[in-house]
Structures are given as structure tokens and as C-alpha cells.
Amino acid sequence: MDLRHKLEILADAAKYDASCASSGTETRDSRDKKGMGSTDAGMGICHSYAPDGRCISLLKILLTNACNYDCLYCVNRASSNVQRARFTVEEAVKLTLDFYRRNYIEGLFLSSGIIKSPNYTMEQVVRVAKSLREDHHFRGYIHLKTIPEADDELIAEAGKYADRLSINIEVPTEPSLAKLAPEKDVRAIRRTMARLRFRLDKAKDNKNNKRAPRFAPAGQSTQMIVGADTSNDQTILETSANLYGSYNLRRVYYSAFSPIPDASRALPLQAPPLVREHRLYQADWLLRFYGFNIDEITDPLENGMLPLDIDPKLAWALRHRDRFPLDVNSASREDLLRVPGFGVKAVNRILSARRVTSIRAADLARLHVPRAKALPFIVLADHRPSASQIDSKRLIQMFRPPVQQLGFAF
Ligand code: SF4
């Protein structure tokens, strides 16, 4: 099988993994004419996303789509009737370098089906990264998938060459994992996340010691498949909060389940709406950076699901209208962060500006603070929404996307 054909198979097989954003690593470049590649924002990693929302800035491949395991939701599972392929280590290295030279990519995202044994697979994955770094002085971004049962030495080596390591938690609950991926062990997954955290914390403590071993400066992340089981958004967010807290993850990626050919009856026939994935990302952000807790974001009246038609912060504000309107010129930072449409940067700009002036509606535009969503919820020096507006049942209609009439195919 020629390399191009392998690439078609192994890039396609990797597309279901959403955890490939490339932020937060150390700065490296090759302006000293040594090495190749860069993680510098100017010419290095760019964040581009396919129309379905997945990151495409990295060469994203599997080393092989053959796998001993039979995870029901996975197109590469042992019982799947798909064509198999495998890159040699040298082929994966060559492809990465060729793509980089042509300016197609800024880095590599490498995962693999599990062949022979977890250690053998992890060793192959590490060899690609090692060759890129040591033989070719590649300075671009490398994200490696970690095989949970692999030995500690291999994990340490992976962290030496990779910017980011990730282990997929796969599904939100232990019973779902037992049902959908019986060969996987949630305890092994969590144990390895803990091992990574230990090494990451150690590397952080030693960051000023140039002789200390390097370990994955962009940290660890995970991916959770959404909609392959019946877990509601509240359960998904609880699992995420637990993972962030326990293992100091940089990101939890949410990947909407994609129906696969010849799927098991244990799986749903339809993919969840892609917007569910988007709402989970918004909720995840609210939990980490906006001071919300899970019970505030999900609505028990909606069976613990996030609304799909409006964002979770707006939905919270509409359920808590008694807390508005909020005076932008005197409210606390915590309260301002709860105003629909106000992001962290916007709030910081407001706090700086109001030290020297009383903020008016036109000032928000000058500060690049989005106003449309916020105005019904805030008081400014020259703006106060009427009590009837904030209490109006029609307020939500202002924010709902317009209903689109279905077209006919003629
Ligand atoms: S371990 Fe499971 S999820 Fe990973 S490639 Fe194999 S079958 Fe797919």
C-alpha cells in the first residue's frame, strides 16, 4: 500500500478525536537556523477548524487503525469491517516533515490503535516523536495520545518529546465505559492521568532548573464522547469538573458521537446535535473562568440538559431575572462576569475604564464590549432597561435564532 493511500485511511480514522487544539505550550522557534518548525504564534501553530468545528492545524493521524480492542463506538474497533493500514515510524516522521515544509501543518497529533500490547504501541508512538525531535530537530508542536496501561518509563519519554499528552476518558460514567468499551478500565485511565499530573507538577516545580527533565509543557487533556450513552449534560459536566480538579487537566474536549457503519445496538442511531457539543464547551468555560457551579448552569426542569437554542449564561440570566438589571458602574467583578455577552476580557476592560469615567452605552462600543445581549440586563450612566422589559416573557425571543422554513428540493 503506498503512503498516500495509508494517509487517506489513517487521517480519516483519526478525525473522530477532537482533542487536538494546540495552545499553551512553551515558545520555540528555529530562527537560530537550528532545527525545524516553531510554536510561535506568528508562524507556528495556527488554530484552524473544519466546518464541523474540529481543529485541523495539525497533521492528525493514527500510527495504525488496527486495534486489539473492541470499543463499540469506535470505527477502528477489532470487529469493524474497515480497511486497515499502518505507518512505519519512518513514514510518520517523513510525512510530518514533508507537510511541515509545505506549510500545510504546524505540528503533529499522533494517536494509535492498540496493537500487540499497550507498551509496544506506546513505544512506537514515542519513537516517532523522538525521531522528529532528536534526528530532525523538529520544533513544531507534538501532541501524543497516551496508552493508559503503558509503563512509566514510556510515559516519561513521551513527555520528554511531546508538548501535550492526552488520555481519553471516553464516556462520562464508569457503567457506560463498561458497557461500550469493556476492555478499558476507568481505574487505569485515571491512574495514568494521576501519573501524568505527578510528572507535570514536578516539572512545574523545577521549571527554573534547566537540567530538570522536560515534561509536556502544554499539559494533559482528555476527550469525552457526547451522545453515545444516555448521560445528561449535568453528568458530563460533573465528570469534567472532577477531572479538572483531580488531574489539573488543561482541557476536556467534547466530541459529539458520530454513528459508525455496522454499529452495535447499544449505540444510538443518530448523532446528537452538534450544537450540544458547543453548549458543553460554553458551560465548561463558565465553570472554569466565570465562577458558576454546575447546578446553576443546568436546569433540573430540563432533565439536567443545557438549552440548545440559547447559550447557558443567557439561560441562567433569564432564570434569575431578579438579579438584574446590574449597574455596570458599581457591580462587582463576579457579578459582571454573569452578565450575558460579557466575557472575561470585556469585564477587565470595564473595570479599568470605570476607574476614570462613568460608563455610558457608547463607551461599551469603544471598549469593544458586545452590547446586544447585555443591554436588557444592565444599567449604564445613560441606559436603564424598563422593569417590564426584564420581566417580559418575550425577552427570550430576542435571543432565539430565527426559525428557518425548511426548503423543498426543487
Ligand atoms: S482502543 Fe478502542 S477507541 Fe482506541 S482505537 Fe481501539 S477500539 Fe478505538
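Residues numbered from 1 in each chain as written. Predicted model: local features only at pLDDT ≥ 70, side-chain atom pairs only at ≥ 80, totals over all residues.

Comments concerning the confidence of the model for the protein chain
Here comes step 1: Of all residues in the protein chain, 88% attain a pLDDT of 70 or more, and the chain-wide mean is 87.
Here comes step 2: Across residues 38-54, confidence stays below pLDDT 50; counting only partners more than four residues off in sequence or on other chains, it has 43 contacts. (pLDDT = per-residue confidence, 0-100. Contact = placed C-beta atoms within 7 Å.)

Some points on the site of the ligand
Here comes step 1: Inspection of the region around the ligand gives Cys 67, Tyr 69, Cys 71, Cys 74, Asn 76, Arg 77, Gly 113, Ile 114 and Ala 181 as its neighbouring residues.
Here comes step 2: Partitioning the shell around the ligand into residue classes produces 6 nonpolar, 2 polar and 1 charged. (Near = placed C-beta within 6 Å. Nonpolar A, V, L, I, M, F, W, Y, C, P; charged D, E, K, R; others polar.)

Topic: helix α3 (residues 118-135)
Here comes step 1: With 18 residues, α3 extends 25 Å between its outermost C-alpha atoms, agreeing within 8% with the 26 Å of an ideal straight helix rising 1.5 Å per residue.
Here comes step 2: Listed in full, the buried residues belonging to α3 are Thr 121, Met 122, Glu 123, Gln 124, Val 125, Val 126, Val 128, Ala 129 and Leu 132.
Here comes step 3: Buried-residue contacts for α3 involve α2 (89-101), β2 (107-111), β3 (141-145) and α4 (152-161).
Here comes step 4: Just downstream of α3 lies His 137, where phi reads positive at about 50°. (Helix = DSSP H or I, 4+ residues; strand = E, 2+ residues; numbered from the N terminus. Expected span 1.5 Å × (residues − 1). Buried ≥ 20, exposed ≤ 12 C-beta atoms within 10 Å, placed from the backbone.)

Considerations on the nonpolar core
Here comes step 1: Counting residues in hydrophobic clusters, the biggest one holds 92 residues, and the most contacted among them are Leu 110, Ala 129 and Ala 158.
Here comes step 2: Looking at which element gives the most residues to this core, the answer is α3, with 6 residues.
Here comes step 3: Domain assignment of the residues forming this core places at least three in each of domain 1 (3-272) and domain 2 (312-399).
Here comes step 4: Once residues within four sequence positions are removed from consideration, Leu 110 is found in contact with Ile 61, Leu 63, Ala 92, Val 125, Val 128, Leu 144 and Lys 145. (Core = buried A, V, L, I, M, F, W, Y, C linked by C-beta atoms within 7 Å. Domains from an automatic or database assignment.)

Focus on the pairing of strand β1 (residues 59-62)
Here comes step 1: Side chains of β1 alternate between two faces, with Leu 59 and Ile 61 and Lys 60 and Leu 62 buried alike.
Here comes step 2: Pairing geometry for β1 and β2, over 4 bridges, is parallel. Within β2, the position partnered with Ile 61 by the bridge is Leu 110. (Pairing = 2+ DSSP bridges.)

What to know about the environment of Arg 133
Here comes step 1: Its place among the elements puts Arg 133 in helix α3.
Here comes step 2: Each C-alpha atom of the pair Arg 133 and Val 93 lies 10.0 Å from the other, and the pair is 40 residues apart in sequence.
Here comes step 3: Non-local contacts of Arg 133, meaning those with residues more than four positions away in its chain, are made with Phe 138 and Tyr 161.

A short note on the sheet that holds β2
Here comes step 1: One open sheet accounts for 6 strands, arranged β1-β2-β3-β4-β5-β6; its pairing is parallel. Strand pairing shows two members of the sheet lacking a second neighbour, β1 and β6 (251-256), which therefore form its edges. This sheet shows a mean twist of 20° between the axes of neighbouring strands, independent of strand direction.
Here comes step 2: Looking at chain direction, strand β4 (residues 164-166) and strand β5 (residues 220-226) are connected through 2 bridges and run parallel. Along β5, the bridge assignment pairs Leu 165 with Gln 220. (Axes fitted to C-alpha atoms, helices over the stretch in contact; angles between N-to-C directions.)

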